[in-house]
Amino acid sequence: MIPELRRHFNANFTTRKYQRFLGRMDDLSGAPVKFRICETPCFLPTPLLRKMERFGGELTRQLVGNRDYHAISEGSIPAEFKVPNEDATPLFLQVDFGLVRGADGELEPKLVELQGFPSLYAYQSLLAHEYIEAYGLSNSLKVFSSGLDTASYGRLLCDSILGGHDPENVALLEIDPLEQKTLPDFLLTKQLCGIETVNIRDVKREGMKLLYPRAGRLIPIERIYNRTIVDELVRKDAHLSFDFRDELDVEWAGHPNWYFRVSKFSIPYLRHACVPRTQFLDQIEQLPADRENYLLKPLYSFAGAGITFAPTDADLAAIPAARRNDYILQERMSFEPVIETPHGATQAEIRIMYIWPPHGELTPVMSLVRMGRGKMMGVDHNRDLEWVGASAGLTV
């Protein structure tokens, strides 16, 4: 999207550089990266990035601190996963945008979705820096937002995760972490902040305290960096030693309730020029005639699972009436292919990553980019293509 940088990158690209880049990512991450990494970063014009950061903040403030929405979103949290002692704000927040061509010919961001849940905060920083290193790009390219640099970003992230606790007593909790594609981020988080990744199945409970096993000892958990997706717990029928509803003697670095409150559930309540028309399915008596211009999305799926393009009457009939409030019907945006590559123009979905420290400001810290040429932008949906996949945003 910055033409001179794009032309220079494409002209100097070699497969050898790309393979070296991939090898360095595996080595530095401490585990093989099992999702596709795009051949190229995304060169983002600073005004466009700032607009997305501003839009994300405006959307967030329509939800967080809004008493009416807070009351409404109580119903989004399943009773069995409603955690007490909720923080006033989500510690980690992501807002995803696609790009459309406006009437004036300029690129405009349109909301894809938002989530009050951590993303790849350790891995994404490494990815962006390694694009610069592996391809010999200018060191003047910026990875971070809000005036952050590598050192200050690392401090902000670790301070947010640790919350003043000893790293030994802070655990990154995930279900079966060694099987997760996000394992490189877990390992890099340990490198950066010193915390252990713990399988939530292995957590022990003594009274209201939680502990994790390490080297023959049980280590008290005082704070949890929560990376566990609830629908995966349900899908795997995981049996845990503790109940999310209990008044446990533990803090949350990213309170689990925000996963539900700030999510696809939120979109019908947002009022903003960047938000596509969105309704809960149970509020729709009949599908629109131009159904090819709509998407049917389950509220709490992850990585694009369960999305139906151009839903039919049969798709609608297959969803029990009692479950229709768990789906949204959303206007489908025609995202502009804006990245010129040797394999044709490619679309970019841009995630603005925020950290919201307690008693601090909502802070955009970095961008994560997915590039794709199919209907779906997730890396799993573009695995057989080239010049697509997970990427990073760089600005001048």
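Anything mentioned here points back to the structure above.
Residues numbered from 1 in each chain as written. Predicted model: local features only at pLDDT ≥ 70, side-chain atom pairs only at ≥ 80, totals over all residues. Heavy atoms only, no water.

**Student:** Kindly report on helix α2 (residues 15-29), identifying the contributing residues and their values.
**Tutor:** Since the α-helix packs 3.6 residues into each turn, any two residues three or four apart lie on the same face. For α2, spanning 15 residues, the distance from its first C-alpha to its last is 21 Å, which sits close to the expected 21 Å at 1.5 Å a residue. Tyr18, Phe21, Leu22, Met25 and Ser29 are the residues of α2 that are buried. On an axial view of α2, the arc spanned by its buried residues comes to 95°, and they lie on one face. For α2, the exposed residues lying more than 90 degrees away from the buried face are Arg16 and Asp27. On its buried face, α2 is in contact with α5 (121-134) and α7 (183-193). One or two steps after α2, the chain reaches Gly30, where phi turns positive at roughly 85°. (Helix = DSSP H or I, 4+ residues; strand = E, 2+ residues; numbered from the N terminus. Expected span 1.5 Å × (residues − 1). Buried < 20%, exposed > 50% of the residue type's maximum accessible area, 1.4 Å probe, protein only. Arc of directions from axis to C-beta. Contact = heavy atoms within 4.5 Å.)

**Student:** Tell me about α7, and please be specific about residues and values.
**Tutor:** Leu183, Pro184, Asp185, Phe186, Leu188, Thr189 and Cys193 are the residues of α7 that are buried. Just downstream of α7 lies Gly194, where phi reads positive at about 80°.

**Student:** Now, about the packing of α5 against helix α6 (residues 150-162): what can you tell me, with residues and values included?
**Tutor:** Between α5 and α6, the shortest axis-to-axis distance is 11 Å and the interhelical angle comes to 170°. As judged from the angle between their axes, α5 and α6 are roughly antiparallel. When α5 is examined against α6, the residues Tyr121, Ala122, Ser125 and His129 are found in contact with a partner set consisting of Thr150, Tyr153 and Leu157. (Axes fitted to C-alpha atoms, helices over the stretch in contact; angles between N-to-C directions. Parallel < 35°, antiparallel > 145°, perpendicular 65-115°, else oblique.)

**Student:** How would you summarise the state of the cysteines if you had to cite specific residues and measurements?
**Tutor:** By definition, a disulfide links the sulfur atoms of two cysteine residues through a covalent bond. All told, the structure shown has one disulfide when counted by the stated rule. Cysteine Cys38 is unpaired, with the sulfur of Cys42 as its nearest cysteine sulfur at 9.1 Å. A residue is classified by how much of its surface remains accessible, and Cys38, at 0% relative accessible area, is buried. Cys274 takes part in no disulfide bond, and the closest cysteine sulfur to it belongs to Cys42, at a distance of 18 Å. (Disulfide = S-S within 2.5 Å.)

**Student:** Explain the pattern of salt bridges to me, using residue names and the numbers behind them.
**Tutor:** Enumeration over the complete set of coordinates arrives at 30 salt bridges. One salt bridge connects Arg205 with Asp246, and the closest N-O pair in it is separated by 2.5 Å. Of this pair, Arg205 sits in strand β6 (residues 204-206) while Asp246 sits in the loop between α8 (230-235) and β10 (251-253), placing them 41 residues apart in sequence. Residue classification places Asp246 among the partly exposed residues on the basis of a relative accessible area of 24%. Via salt bridges that share partners, Asp176, Glu179, Arg201, Glu232, Arg235 and Lys236 belong to a single interconnected network. (Salt bridge = Lys/Arg side-chain N within 4 Å of Asp/Glu carboxyl O.)

**Student:** Can you break down the sheet that holds strand β2 (residues 92-101) residue by residue, with the values?
**Tutor:** With mixed pairing, six strands are arranged side by side in an open sheet as β1-β17-β16-β15-β2-β3. Each end of this open sheet is capped by a strand with a single partner; those strands are β1 (42-43) and β3 (107-115). Judged from the nine bridges that link them, strand β15 (residues 347-355) and strand β16 (residues 363-372) form a sheet pairing that is antiparallel. Bridging across to β16, Gln347 finds its partner in Gly372. α5 rests against β2, β15, β16 and β17 (389-394) of the sheet, and its axis sits at about 75° to β17. (Pairing = 2+ DSSP bridges.)

**Student:** I'd like a rundown of the sheet that holds strand β7 (residues 209-214), residues and numbers included.
**Tutor:** On the basis of which strands lie adjacent, the open sheet formed by three strands has the order β6-β7-β8 and antiparallel pairing. Of all strands in the sheet, those bounded by a partner on one side alone are β6 and β8 (217-221). When strand polarity is set aside, the average angle formed by the axes of neighbouring strands in this sheet is 40°. For β7 and β8, the ladder comprises five bridges, and the chain directions are antiparallel. Bridge pairing links Tyr212 to Ile219 in β8.

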